[in-house]
Amino acid sequence: MITIKTVGIIGAGQMGAGISQVCAQSGYDVLLYDQSADAVKASLVRIEKGLNRLVEKEAISDADAQSAKARLMPAGSVQDLKDCDLVIEAATENEQVKNAIFKSVCEHLKPEAYLASNTSSISITRLAAATDRPGKFIGLHFMNPVPIMKLVEIIRGIATDTSTYEMGIEFARSLGKTTAVAEDFPAFIVNRILIPMINEAIYTLYEGVGTVDAIDTGLKLGANHPMGPLELADFIGLDTVLAVMNVLYDGLSDSKYRPCPLLVKYVEAGWLGRKVGRGFYDYRGEKPVPTR
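Residues numbered from 1 in each chain as written. Predicted model: local features only at pLDDT ≥ 70, side-chain atom pairs only at ≥ 80, totals over all residues. Heavy atoms only, no water.

**Some thoughts on the overall build of the protein chain**
Part 1 of the argument: Across its full length, the protein chain carries 11 helices and 10 strands.
Part 2 of the argument: Scaling as 2.2 N^0.38, a compact globule of 292 residues should have a C-alpha radius of gyration of about 19 Å, and the protein chain matches this with 19 Å.
Part 3 of the argument: Dimensions of the protein chain along its principal axes, counting C-alpha atoms only, are 55 × 45 × 30 Å.
Part 4 of the argument: Of the contacts formed within the protein chain by residues at least 6 apart in sequence, a portion of 65% connects residues at least 24 apart.
Part 5 of the argument: Summing over all exposed atoms, the protein chain offers an accessible surface of approximately 13900 Å²; the carbon and sulfur share of this is 52%.
Part 6 of the argument: Measuring between centres, the 30 positive side-chain charges of the protein chain sit 2 Å from its 35 negative side-chain charges. (Helix = DSSP H or I, 4+ residues; strand = E, 2+ residues; numbered from the N terminus. Rg over C-alpha atoms; globule rule 2.2 N^0.38 Å. Contact = heavy atoms within 4.5 Å. Areas by Shrake-Rupley, 256 points an atom, 1.4 Å probe, with all protein chains shown as cover. Lys, Arg positive; Asp, Glu negative; His and termini not counted. Charge placed at Lys NZ, Arg CZ, Asp CG, Glu CD.)

So, in structure tokens, the structure goes:
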């Protein structure tokens with residue numbers, strides 16, 4: 001097992017930024033790559049603001065924040081990841097996109113480097129089979145927002161070597177995370193339970209059983225959830241919720257995983273949640289307002 005010193009992150013969205021931040025805070029050199037250079041710049045600004053907030057809250061020292069910032073570097077191309085010991089893909093939840101990423105990066109990585117995917121639902125065995133190193137491939141599913149959430153799901157594909165599996169657990173714990181090991185079945189543990197619950201909440205809205213406000217208030221106060229399921233769906237991204245439901249439905253062939261037609265309609269409309277300003281709530285005003 002090689003020692004992990006430099007980590008490459010592919011995907012400069014919310015998840016990629018969060019993973020980059022916790023890696024840099026934990027002493028790893030980080031190279032952040034995205035097809036969009038502007039996305040990388042915006043992500044590094046977001047990380048810097050996050051570190052500054054931690055200093056203001058006295059959660060970390062200013063010296064630690066400055067050290068973390070110094071360990072974060074933009075990568076201009078996948079070739080820049082050639083010396084990384086571990087590369088984590090954190091792109092959109094689309095298998096074709098992920099496979100294209102792995103194909104482009106594998107030819108530049110050193111033979112001993114590890115590959116990981118932050119996929120929230122797609123088969124690790126299948127993703128690994130599309131690379132040149134299935135034995136060195138593993139699923140590291142971080143929770144959102146990464147700097148706050150303590151869990152990392154560890155998913156071992158059929159071909160994943162024992163040393164890679166051990167590396168994954170050791171690496172996640174080095175970030176201060178708690179690990180939960182999941183078998184390589186559609187959506188793993190957390191999303192297999194969470195996303196169908198959200199889908200059922202959307203059915204409850206679709207069938208007129210309750211309003212957006214009633215459903216979210218009911219779960220927050222009746223089940224002691226910190227966020228209502230529709231609010232959480234907007235936070236995750238309705239496109240991601242739909243993608244996970246489709247993986248469950250296609251992978252398990254069980255009608256209970258059928259995506260709600262209302263979820264499909266919102267995604268088709270481009271109302272994907274907080275990231276675009278509208279979902280089950282409209283976020284464009286002073287405070288969120290239910291859209292149904």
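Now that the structure has been shown, the text picks up again.
**Comments concerning the side chain of Asp-85**
Part 1 of the argument: Take Asp-85: it is sitting in the loop between strand S3 (72-74) and strand S4 (86-89).
Part 2 of the argument: Apart from residues no more than four positions distant in its own chain, Asp-85 is found in contact with Ile-2, Thr-3, Ile-4, Lys-5, Thr-6, Lys-110, Ala-113 and Tyr-114.

**Details of the packing of aromatic side chains**
Part 1 of the argument: Under the criterion given, the structure shown has six aromatic pairs.
Part 2 of the argument: Where Tyr-266 meets Trp-271, the ring centres are 5.9 Å apart and the plane angle is 80°; that geometry is what we call edge-to-face.
Part 3 of the argument: Taken together, the aromatic side chains of Tyr-266, Trp-271 and Phe-280 make up a single cluster linked through ring pairs.
Part 4 of the argument: Lying across the ring of Tyr-165, Arg-156 places its NZ or CZ 4.9 Å from the centre. (Phe/Tyr/Trp six-rings, centres within 6.5 Å; stacked < 30°, edge-to-face > 60°. Lys NZ or Arg CZ within 6 Å of the ring centre and 35° of its normal.)

**Let's talk about the domain arrangement of the protein chain**
Part 1 of the argument: Splitting the protein chain by domain gives domain 1 (6-183) and domain 2 (191-290).
Part 2 of the argument: Computed over C-alpha atoms only, the centres of domain 1 and domain 2 are separated by 26 Å.
Part 3 of the argument: Of the residues lining the interface, eight residues belong to domain 1; the matching set on domain 2 comes to six residues.
Part 4 of the argument: Overall, the association of domain 1 and domain 2 removes approximately 540 Å² of surface from exposure, summing both partners, and the carbon and sulfur fraction of that is 58%.
Part 5 of the argument: Of all residues in domain 1, Glu-93, Ser-120 and Ser-121 give up the largest surface area on contact with domain 2, accounting jointly for 55% of the area buried on that side. (Domains from an automatic or database assignment. Buried area = accessible area lost by both parts, 1.4 Å probe.)

**Quick notes on the nonpolar core**
Part 1 of the argument: Grouped together as the largest cluster of nonpolar side chains are 36 residues, with contacts concentrated most on Val-7, Leu-86, Ile-88, Leu-140 and Phe-171.
Part 2 of the argument: With six residues, helix H1 (residues 14-25) is the single largest residue contributor to this core.
Part 3 of the argument: Setting aside residues up to four positions removed in sequence, Val-7 forms contacts with Cys-23, Tyr-28, Asp-29, Val-30, Leu-31, Cys-84, Leu-86, Ile-88 and Phe-171. (Core = buried A, V, L, I, M, F, W, Y, C linked by side-chain atoms within 4.5 Å. Buried < 20%, exposed > 50% of the residue type's maximum accessible area, 1.4 Å probe, protein only.)

**Brief notes about the side chain of Gln-21**
Part 1 of the argument: Residue placement: Gln-21 occurs in helix H1.
Part 2 of the argument: Look at Gln-21 and you get buried, because its relative accessible area is 7%.
Part 3 of the argument: What Gln-21 contacts, discounting residues up to four positions off in sequence, is Ile-47, Gly-50, Leu-51, Leu-54 and Pro-147.

**Some details on the UniProt feature "site: Important for catalytic activity" (unreviewed entry) in the protein chain**
Part 1 of the argument: Taking the UniProt record as the reference, the feature "site: Important for catalytic activity" (unreviewed entry) is found at His-141.
Part 2 of the argument: If you trace the backbone, His-141 turns up in strand S6 (residues 137-142).
Part 3 of the argument: Residue class for His-141 comes out buried when judged on its relative accessible area of 5%. (UniProt positions renumbered as here; feature names shortened; annotations may be inferred.)

**Digging into the UniProt feature "binding site: NAD(+)" (unreviewed entry) in the protein chain**
Part 1 of the argument: According to UniProt, the "binding site: NAD(+)" (unreviewed entry) feature falls on Gly-11, Ala-12, Gly-13, Gln-14, Met-15, Gly-16, Asp-34, Glu-93, Lys-98, Ser-120, Asn-144 and Lys-275.
Part 2 of the argument: Position of Met-15 relative to the elements: it lies in helix H1.
Part 3 of the argument: Non-local contacts of Met-15, meaning those with residues more than four positions away in its chain, are made with Asn-118, Phe-142, Met-143, Asn-144 and Val-146.
Part 4 of the argument: In this fold, Asn-144 is placed in the loop between S6 and strand S7 (151-155).
Part 5 of the argument: Residue class for Asn-144 comes out partly exposed when judged on its relative accessible area of 23%.
Part 6 of the argument: Leaving out residues up to four positions away in the same chain, Asn-144 has contacts with Gln-14, Met-15, Met-149 and Phe-235.
Part 7 of the argument: Side-chain polar atoms of Asn-144 contact the side chain of Gln-14, separated by 3.3 Å. (Polar contact = N/O pair within 3.5 Å; in protein donor to acceptor, adjacent residues only side chain to side chain.)

**Re the pairing of strand S2 (residues 29-33)**
Part 1 of the argument: With respect to burial, S2 is a largely interior element, four of its five residues being buried.
Part 2 of the argument: Here strand S1 (residues 6-10) runs beside S2; their pairing, made up of five bridges, is parallel. Directly across from Ile-9, in S2, lies its bridge partner Leu-32.
Part 3 of the argument: The pairing of S2 with S3 spans three bridges and is classified as parallel. Bridged to Leu-32 within S3 is Pro-74. (Pairing = 2+ DSSP bridges.)

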